[in-house]
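# Coordinate inspection notes
What follows is each chain in one-letter form.
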Amino acid sequence: MARFTLPRDLYHGKGSLEELKNLKGKKAIVVVGGGSMKRFGFLDKAVEYLKEAGMEVELFENVEPDPSVETVMRGAEAMRKFEPDWIVSMGGGSPIDAAKAMWAFYEYPETTFEDLIKPFNFPTLRTKAKFCAIPSTSGTATEVTAFSVITDYEKGVKYPLADFNITPDVAIVDPALAETMPAKLTAHTGMDAMTHAIEAYVSTLHCDYTDPLAIHAIKMIHRDLKKSFDGDMEARDRMHNAQCLAGMAFSNALLGIVHSMAHKTGAAYSGGHIVHGCANAMYLPRVIQFNAKNAEAAERYAEIAKAIDLKGDTTEELVAALVAELKSMNDSLEIPKGIKEYEGGIIDEKEFMDKLPKVAKLAIGDACTGSNPRIPTQEEMEGLLKACFYGEDVEF
Ligand code: FE
């Protein structure tokens with residue numbers, strides 16, 4: 001038995017933000033980030049539409065990137081005071097992720113993060129409010145997924161939350177919001193989406209319902225990401241849909257070790273964070289080389305290669321063509337070959353090697369490893385991470 005869950009309603013296309021007018025309820029709290037939605041006028045529009053819907057509106061602003069436990073608790077407190085029957089979250093992945101966790105603590109004040117991190121163990125939500133998500137970046141697809149990540153800065157840990165209860169009720173995928181993204185963010189979030197689609201397609205949990213979403217997303221991202229990066233706004237608009245399709249696939253098929261490695265290397269080094277999408281982009285070609293040693297996974301990668309018109313007579317040649325194509329996409333998007341070159345070399349080589357055994361162990365233990373088509377040993381994971389540091393090919 002398997003389950004496939006998506007939002008009840010998804011509005012897409014330019015101007016779809018206006019659908020907020022048609023939400024039925026009494027009170028809405030709008031959860032947003034640091035200011036770009038306000039600066040570009042989308043926050044004011046959203047508030048206007050909700051008022052037109054006859055709702056009383058309150059704002060919860062300034063959710064930080066990589067939202068903290070404290071922010072979640074403050075948001076839940078604000079919700080308990082205001083008692084909204086709609087939670088409307090808007091922005092990059094962070095405000096939407098934060099709002100999902102606030103929702104749980106709003107409805108269940110007694111719950112704890114320790115309870116919530118047990119996968120698919122949430123209490124039943126929607127006893128007080130429904131949830132609408134409006135993404136402004138084209139990558140995380142949190143508007144359609146069952147996931148959220150909250151950081152406990154005091155303990156230095158990330159809480160990955162996973163449960164279909166936090167799959168939003170309504171997603172509004174309006175590309176006008178994504179047109180405000182700068183080029184670098186477009187590249188990073190776009191390759192995050194590409195990684196979602198490819199990992200979902202080869203996941204051990206992929207199925208007939210997730211495959212068409214994943215493969216179509218791959219085709220679209222392959223065609224449109226570079227154009228979007230170069231400022232083609234029609235391609236940018238299509239990317240907003242493509243990342244959402246990828247999200248529908250991976251919310252139900254789950255991911256693989258590219259994400260395990262990106263999660264555990266993201267905040268591990270003193271030189272600075274490695275941005276999620278950029279990490280995925282750098283690691284993906286190496287992980288494909290590693291996973292393709294599994295014959296079934298190799299066939300799946302070959303199918304992807306054929307879907308984007310790459311040439312090869314054998315499975316092996318098709319896998320190699322896919323790896324080469326992804327590397328060349330990275331080059332064209334100005335993504336470094338490996339961690340060593342990341343942001344001019346901010347990650348120290350010695351620190352990386354000193355922490356290698358620990359980071360490798362954590363990556364193997366990550367929630368995304370279980371659905372990867374080949375489970376790495378400690379030695380293999382260390383080898384993979386090293387290859388990702390130097391931007392080398394993987395031959396084991
Ligand atoms: Fe991701």
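Located above this text is the structure these notes cover.
Overview of the structure. Residue positions are counted from 1 within each chain, in the order its sequence is given. Selection of residues for local features in this predicted model requires a pLDDT of at least 70, selection of side-chain atom pairs for listing and counting requires 80 or more, and totals for whole chains, interfaces and linings are taken over all residues. The basis for every side-chain value is the complete set of heavy atoms in the structure, and neither hydrogens nor water enter the calculation.

## With respect to the sheet that holds strand 4 (residues 86-91)
- Pairing within the open sheet is parallel, and its six strands lie in the order 1-8-5-4-2-3. A strand with exactly one partner marks an edge of an open sheet, and here the two such strands are strand 1 (9-12) and strand 3 (56-60). Between one strand axis and the next, the sheet turns by 15° as a mean value, whatever way the strands run.
- Taken together, the five bridges between strand 2 (residues 27-32) and strand 4 define a ladder with parallel strand orientation. Paired with Val30 across the bridge in strand 4 is Val88.
- On the sheet, helix 2 (residues 42-52) packs against strand 2, strand 3 and strand 4 and is oriented at approximately 155° with respect to strand 3.
- Here helix 3 (residues 69-82) sits on the sheet in contact with strand 2, strand 3 and strand 4, set at roughly 165° to strand 3. Paired strands, in this sense, are two strands between which DSSP finds at least two bridges. To qualify as a helix, a DSSP run of H or I must reach at least 4 residues; to qualify as a strand, a run of E must reach at least 2; elements of each kind are numbered from the N terminus. Whenever a helix is involved, its axis is fitted only over the stretch in contact; in every case the axis is a line through C-alpha atoms, and angles between N-to-C directions fall within 0 to 180 degrees. Contacts between residues were defined by any pair of non-hydrogen atoms, one from each residue, lying within 4.5 Å.

## Digging into the pairing of strand 4
- With respect to burial, strand 4 is a largely interior element, six of its six residues being buried.
- Along strand 4, one buried face is formed by Trp86, Val88 and Met90 and the opposite face, lined by Ile87, Ser89 and Gly91, is buried too.
- With six bridges connecting them, strand 4 and strand 5 (residues 130-135) associate as parallel partners. What sits directly across from Trp86, in strand 5, is Lys130. Note on classification: 1.4 Å probe, protein chains only; a residue is buried when its accessible area is under 20% of the maximum for its type, exposed when over 50%, partly exposed between these limits.

## Focus on the packing of aromatic side chains
- Aromatic rings from Phe, Tyr and Trp, taking only the six-membered ring of Trp, are treated as a pair when their centres fall within 6.5 Å; an angle between ring planes under 30 degrees marks them as stacked, one over 60 as edge-to-face, and anything in between as tilted. Counting across every chain of the model gives 10 aromatic pairs.
- Residues Phe4 and Tyr209 carry aromatic rings whose centres are separated by 5.7 Å and whose planes lie at 40° to one another, so their mutual orientation is tilted. In this pair, Phe4 sits in the segment before strand 1 while Tyr209 sits in the loop between helix 7 (183-202) and helix 8 (211-229), placing the two residues 205 residues apart along the sequence.
- Given the relative accessible area of 32%, Phe4 is considered partly exposed.
- Between Phe290 and Phe396, the aromatic rings sit 6.0 Å apart at their centres with planes inclined by 65°, giving edge-to-face as the arrangement. Here Phe396 lies in the segment after helix 15 (378-390) and Phe290 lies in helix 11 (residues 276-291), a separation of 106 residues in the sequence.

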